[in-house]
Amino acid sequence: MLICERCSGQNYMLEKCDYCSKFACQSCTKSAKRLKKVRRLVICKDCWGKIETRKKFKAL
């Protein structure tokens, strides 16, 4: 089991936030979108609260 860097919970699947580089579990991930077939852009709830990073995420 892996440990989430945001909430310190144990989970089997973690995704790396593209803005703060923390590994976040599904409950700490705010949104994700697919840029290409393989590339997936993920933003955590901490970065979602910062307006500048949210603007960057929505612009892509």
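Refer to the structure above for everything that follows.
Now for a description of the structure that goes with this document. (Residues numbered from 1 in each chain as written. Predicted model: local features only at pLDDT ≥ 70, side-chain atom pairs only at ≥ 80, totals over all residues. Heavy atoms only, no water.)

A short note on the overall build of the chain
A tally of helices and strands in the chain yields two helices and six strands. Reading the secondary structure of the chain in the N-to-C direction produces β-β-β-β-β-β-α-α. The C-alpha atoms of the chain give 11 Å as radius of gyration, which agrees with the globular expectation for 60 residues (10 Å, within 12%). By its C-alpha atoms, the chain is 35 × 30 × 15 Å across when sized along the principal axes. Sequence separation of at least 24 residues holds for 26% of the intrachain contacts in the chain that already meet a minimum separation of 6. Taking the 16 positively charged and 5 negatively charged side chains of the chain as two groups, their mean positions are separated by 6 Å. (Helix = DSSP H or I, 4+ residues; strand = E, 2+ residues; numbered from the N terminus. Rg over C-alpha atoms; globule rule 2.2 N^0.38 Å. Contact = heavy atoms within 4.5 Å. Lys, Arg positive; Asp, Glu negative; His and termini not counted. Charge placed at Lys NZ, Arg CZ, Asp CG, Glu CD.)

Examining the nonpolar core
Here is a general trend for soluble globular proteins: nonpolar side chains tend to be buried in one another's company. Counting residues in hydrophobic clusters, the biggest one holds twelve residues: Cys4, Leu14, Cys17, Ala24, Cys25, Cys28, Leu41, Ile43, Cys44, Cys47, Trp48 and Phe57. Mapped by element, the contributors of at least two residues to this core are strand E6 (40-44) and helix H1 (45-48). The element best represented in this core is E6, accounting for three residues. When near neighbours in sequence (up to four residues on either side) are disregarded, cysteine 44 contacts Cys17, Cys20, Ala24, Cys28, Thr29 and Lys30. (Core = buried A, V, L, I, M, F, W, Y, C linked by side-chain atoms within 4.5 Å. Buried < 20%, exposed > 50% of the residue type's maximum accessible area, 1.4 Å probe, protein only.)

A short note on the packing of aromatic side chains
Here the structure, examined in full by the defined rule, presents two aromatic pairs. Both rings, one in tyrosine 19 and one in phenylalanine 57, keep their centres 6.4 Å apart while their planes meet at 75°; by these two values the pair is edge-to-face. Taken together, the residues tyrosine 19 in the loop between strand E3 (15-16) and strand E4 (23-24) and phenylalanine 57 in helix H2 (residues 51-59) connect sequence positions 38 residues apart. Accessibility expressed as a relative area gives 3% for phenylalanine 57, which makes it buried. Aromatic pair tryptophan 48 and phenylalanine 57: ring centres 6.1 Å apart, planes at 70°, arrangement edge-to-face. Of the two residues, tryptophan 48 and phenylalanine 57, both sit in the buried class. Pairwise contacts between aromatic rings join Tyr19, Trp48 and Phe57 into one cluster. Note that lysine 33 overlies the ring of phenylalanine 57, its terminal NZ or CZ placed 4.7 Å from the centroid. (Phe/Tyr/Trp six-rings, centres within 6.5 Å; stacked < 30°, edge-to-face > 60°. Lys NZ or Arg CZ within 6 Å of the ring centre and 35° of its normal.)

Re unusual backbone geometry
The phi torsion at serine 8 lies on the positive side, around 65°, for a residue other than glycine. Overall, the relative accessible area of 57% leaves serine 8 in the exposed class.

What about the side chain of threonine 53?
As for its position among the elements, threonine 53 is in helix H2. A residue is classified by how much of its surface remains accessible, and threonine 53, at 15% relative accessible area, is buried. When neighbours within four sequence positions are excluded, threonine 53 is seen to be in contact with Tyr19, Ile43 and Cys47.

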